[in-house]
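Okay, here's what each chain looks like letter by letter:
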Amino acid sequence: MISLRHVSKQYKTLRGTISVLRDVNLDILYGDKVGILGRNGAGKSTMVRLISGAERPSKGSIARRMSVSWPIAFGGAFQTTLTGMDNIRFICRIYDRDEREATEFVQDFSELGRFINEPVRTYSQGMRARLAFALSIIVDFDCFLIDEIIAVGDARFHQKCNDELFDKRASKSKIIVSHNADFIRETCDRAAVLSDG
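Keep in mind that this is a model prediction, so the values were computed, not measured.

**Student:** Talk me through the packing of helix H3 (residues 99-110) against helix H5 (residues 155-167); I want residue IDs and the actual numbers.
**Tutor:** For the pair H3 and H5, interaxial distance at closest approach is 11 Å and the crossing angle is 140 degrees. In terms of axis orientation, H3 runs oblique to H5. Touching Phe-105, Asp-108, Phe-109 and Ser-110 of H3 are Phe-157, Lys-160, Cys-161 and Glu-164, all from H5. Counted by class, the contact of H3 with H5 contains 4 nonpolar, 1 polar and 3 charged residues.

Set out below in structure tokens:
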């Protein structure tokens, strides 16, 4: 279970403090598929970063009683001076995954070819997203955080992502943030709309 209790998030800007989220409460149970809808700038990505632990709430609490992925296709955790291969090894060590099996999967899935041995800082955004997605899939998380990632790559790669997340991991919890109501209807059991914090 993941529980958000009275979660608020503010950021300081040159024009003062901006409240992105205000007093948000939400429970996600094992196997739940929860969609969070909202316009651009509504705070959807902020909520995902808070749930993942990449950021802390300004107020309130988030309890995680299941393993939670980083936001899928989020490359912010990469060490960009290292190669894609070095990043694979790093994730394998942290999450105690078989390095050979994981490397084979990531190389095949990400389709990075020879670039897997190049520093991540030389990757395009799409290449980073494909590597991040593949790395997310090698860890058996209880809950996957999906932040508009399905837009990664061409139609064929898009289908590969759907197969991995929604077919092979159908029993896993998912928190999907989007501005696409049709996509949320297709993939989620329940939804919430994030508006004005």
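Once the structure has been displayed, the description carries forward.
**Student:** Describe in detail the nonpolar core, supporting the description with residues and values.
**Tutor:** Judged by nonpolar contacts, the single largest core of 35 residues is most densely connected at Ile-88, Val-106, Leu-131, Leu-135, Ile-138 and Leu-165. Of all elements in the fold, only strand E5 (68-72), helix H2 (84-95), H3, helix H4 (125-137), strand E6 (143-147), H5 and helix H6 (181-187) reach the threshold of two or more residues within this core. The next biggest cluster of nonpolar side chains, apart from the first, holds 22 residues, and it includes Val-7, Leu-26, Leu-50 and Ile-62.

**Student:** So, the pairing of strand E2 (residues 16-28): which residues are in play, and what are the values?
**Tutor:** Of the pairings in the sheet, the one linking strand E1 (residues 2-13) to E2 comprises 9 bridges and is antiparallel in character. Each bridged residue has a counterpart across the sheet, and for Gln-10 the counterpart in E2 is Ser-19. The antiparallel hairpin formed by E1 and E2 contains 2 residues in its connecting segment.

**Student:** An account of the sheet that holds E6 is requested, with residue identities and associated values reported.
**Tutor:** An order of E5-E6-E7-E3-E8 is seen for the 5 strands of this open sheet, with the pairing classed as parallel. Because the sheet does not close on itself, it has two edges, and the strands there are E5 and strand E8 (190-193). If you compare each strand with its neighbour and ignore which way they point, the axes differ by 15 degrees on average. Bridge count between strand E3 (residues 33-37) and E8: 4 bridges; the pairing is parallel. Bridged to Val-34 within E8 is Arg-190. Against the sheet, H4 makes contact with E5 and E6, and its axis sits at roughly 165 degrees relative to E5, the strand it touches most.

**Student:** Lay out H3 with the relevant residues and their values.
**Tutor:** The end-to-end C-alpha distance of H3 is 16 Å, a good match for the 16 Å that 12 residues give at a rise of 1.5 Å each. Along H3, the residues that are buried comprise Ala-102, Thr-103, Val-106, Phe-109 and Ser-110. Buried residues in H3, looked at end-on, bunch into an arc of 145 degrees, giving them a common side. Relative to its buried face, H3 has exposed residues pointing more than 90 degrees away, namely Arg-100, Glu-104 and Asp-108. Looking at the buried residues of H3, the elements they touch are H2, H4 and H5. You can read the cap of H3 off the contacts: a side-chain oxygen lies 3.4 Å from the backbone nitrogen of Arg-100, and it is on Asp-98. Two residues or fewer after H3 comes Glu-111, characterised by a positive phi angle close to 60 degrees.

**Student:** I'd like a description of the packing of aromatic side chains, backed by residues and values.
**Tutor:** Counted according to the given criterion, the structure contains 8 aromatic pairs. With centroids separated by 5.4 Å and ring planes inclined at 85 degrees, the aromatic side chains of Trp-70 and Phe-141 adopt a geometry described as edge-to-face. Remark: Phe-141 occurs in the loop between H4 and E6 and Trp-70 occurs in strand E5; sequence separation between them is 71 residues. The two residues Trp-70 and Phe-141 agree in class, both being buried. For the ring pair Phe-141 and Phe-144, a centre distance of 5.9 Å and an interplane angle of 90 degrees mean the geometry is edge-to-face.

**Student:** Go over unusual backbone geometry with me, naming the residues and quoting the values.
**Tutor:** Phi is positive for Asp-96, which is not a glycine, with a value near 55 degrees. Mapped onto the elements of the fold, Asp-96 is located in the loop between H2 and H3. The exposure class of Asp-96 is exposed, given its relative accessible area of 72%. With a phi close to 55 degrees, Asp-196 is a non-glycine residue in the positive phi region. Relative to the helices and strands, Asp-196 is located in the segment after E8.

Reading guide: rules and limits
- Residues numbered from 1 in each chain as written.
- Predicted model: local features only at pLDDT ≥ 70, side-chain atom pairs only at ≥ 80, totals over all residues.
- Heavy atoms only, no water.
- Axes fitted to C-alpha atoms, helices over the stretch in contact; angles between N-to-C directions.
- Helix = DSSP H or I, 4+ residues; strand = E, 2+ residues; numbered from the N terminus.
- Parallel < 35°, antiparallel > 145°, perpendicular 65-115°, else oblique.
- Contact = heavy atoms within 4.5 Å.
- Nonpolar A, V, L, I, M, F, W, Y, C, P; charged D, E, K, R; others polar.
- Core = buried A, V, L, I, M, F, W, Y, C linked by side-chain atoms within 4.5 Å.
- Buried < 20%, exposed > 50% of the residue type's maximum accessible area, 1.4 Å probe, protein only.
- Pairing = 2+ DSSP bridges.
- Expected span 1.5 Å × (residues − 1).
- Arc of directions from axis to C-beta.
- Polar contact = N/O pair within 3.5 Å; in protein donor to acceptor, adjacent residues only side chain to side chain.
- Phe/Tyr/Trp six-rings, centres within 6.5 Å; stacked < 30°, edge-to-face > 60°.

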